[in-house]
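# Remarks on the overall topology
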Amino acid sequence: MNNARILDGKATAARIKEELTERVSALRERGVTPGLGTVLVGDDPGSHSYVAGKHRDCAQVGITSVRRDLPDTITQEELEAVLDELNADAATTGYIVQLPLPAHIDTNAILERIDPAKDADGLHPTNLGKLVLNVNAPMDSPLPCTPHGIVELLLRHDVELKGLDVLVVGRGVTVGRPLGLLLTRKQINATVTLAHTGTVDLADHLGRADVVVAAAGIPHMIRADRVKPGAIVLDVGVSRVEDPETGRAKLTGDVDPAVASVASWLSPNPGGVGPMTRAMLLTNVVEAAERSAAGN
Ligand SMILES: Nc1nc(=O)c2c([nH]1)NC[C@@H]1CN(c3ccc(C(=O)N[C@@H](CCC(=O)O)C(=O)O)cc3)C=[N+]21
């Protein structure tokens, strides 16, 4: 039954963290200590657990980290003042604002307030703009963590996307949209279809795709009977769904587990793209510190 090979994000992220540990110690020898800040608004348990994971990762590779946990009653002005502090704080070489933010906060204005040189998520308009303009040659500017993690996961399993038809399901700013830009770069040369809630016949697109990246946040929306046999499938979406047996919330991906019997490669969820996203966040922090150590 189970014939898909596994795109093992957990093991790959562990290797990347080992590589980063050496780069961090080289930086420390030169007197530069990379430091990550996280800004978390509100008390969503999922967001709390992701942020806790990011701080554990930092400790593992030698990056210092500080948390700014803020109440969901915070105003736009107060939140912007926190970002101004982090922008001015020399010990914070990079930081992220955990998304989503409460509805009363203007998210785009917040992303724009981040110093682009400290943008560990690669979501500042200047950095996203560099991706659109294709001016971020390796290491010039941070890439969005999840799309970068997806590309790195495939690369490190020697999966070549040149000429393949990739269906990205989901047009979100953190995954689908920037992923389309990355996959259509000359170095990768895939052909990308970006599907979304307005797509008329998703089943038709699914049946033709060589690669499916599911980033819609709809539990098990990608079913085995719709996927082309031999397709490469990446499960990016996460939802918390109540387990009928235990009554407890459980992480559920966008891909039905039965897809393992038709796909050639499958990134599991958990254990696939999630750990890679975190590894790319660390990479962005280390690269920003390396750029500042080099004086640019
Ligand atoms: N500004 C911002 N940047 C983000 O990168 C960001 C965000 N906001 N908001 C929420 C999403 C979600 N996200 C995940 C990261 C890692 C895992 C991850 O490591 N998951 C583990 C399981 C973790 C667990 O069990 O809780 C896995 O897939 O194996 C999941 C989800 C980052 N996001």
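Residues numbered from 1 in each chain as written. Predicted model: local features only at pLDDT ≥ 70, side-chain atom pairs only at ≥ 80, totals over all residues.

Turning our eyes to something else, we now look at the site of the ligand. Lining the immediate environment of the ligand, one finds 18 residues, of which L99, P270, G271, G274 and T277 sit closest. Broken down by secondary-structure element, the contributors of at least two residues to the shell around the ligand are α2 (45-61), β4 (94-97) and α9 (273-293). Of the residues forming the shell around the ligand, the biggest block, four residues, is contributed by α9. (Near = placed C-beta within 6 Å. Helix = DSSP H or I, 4+ residues; strand = E, 2+ residues; numbered from the N terminus.)

Moving on, we get to the UniProt feature "binding site: NADP(+)" (unreviewed entry) in the chain. Following the UniProt record, one finds the feature "binding site: NADP(+)" (unreviewed entry) at G170, R171, G172 and V238. Here G170 shows up in the loop between β5 (165-169) and α7 (176-183). Filtering out sequence-adjacent residues up to four positions away, G170 remains in contact with V175, G176, H196, A215, A216 and G237. Inspection of the secondary structure assignment puts R171 in the loop between β5 and α7. Setting aside residues no more than four positions away along its own chain, R171 makes contact with G176, R177, L194 and H196. (UniProt positions renumbered as here; feature names shortened; annotations may be inferred. Contact = placed C-beta atoms within 7 Å.)

Here we take up the sheet that holds β4. Read from one edge of the open sheet, three strands run β3-β2-β4, paired in parallel fashion. Each of the sheet's edge strands pairs with one partner strand only, and the pair in question is β3 (64-70) and β4. Ignoring which end each strand starts from, the neighbouring axes of this sheet average 15° apart. Summarising the sheet, strand β2 (residues 35-41) and β4 pair through four bridges and their orientation is parallel. Bridge pairing in β4 places V39 opposite V97. The strands touched by α2 are β2 and β3; relative to β2, the strand with the most contacts, the crossing angle is about 170°. (Pairing = 2+ DSSP bridges. Axes fitted to C-alpha atoms, helices over the stretch in contact; angles between N-to-C directions.)

With an omega of 0°, the peptide bond running from L99 to P100 counts as cis. Along the chain, the position of P100 falls in the loop between β4 and α4 (107-113). Despite not being glycine, D158 shows a phi value in the positive range, around 55°. On the secondary structure map, D158 appears in the loop between α6 (145-155) and β5. Non-glycine residue H220 carries a positive phi angle of around 55°. Of note, H220 is situated in the loop between β7 (211-214) and β8 (232-235).

This next bit is on the domain arrangement of the chain. Split into domains, the chain comes out as domain 1 (30-116) and domain 2 (145-275). Between the C-alpha centres of domain 1 and domain 2 the distance comes to 27 Å. (Domains from an automatic or database assignment.)

Here we come to the sheet that holds strand β6 (residues 191-195). Picture the strands of a sheet paired through backbone hydrogen bonds; they go either parallel or antiparallel. Reading across from one edge, β1-β11-β8-β7-β5-β6 is the order of the six strands in this open sheet, with parallel pairing throughout. The strands lining the two open edges of the sheet, one partner per strand, are β1 (5-6) and β6. Bridging between β8 and strand β11 (residues 265-267) involves three bridges; their strand directions are parallel. Of the residues in β11, the one forming a bridge with I232 is W265.

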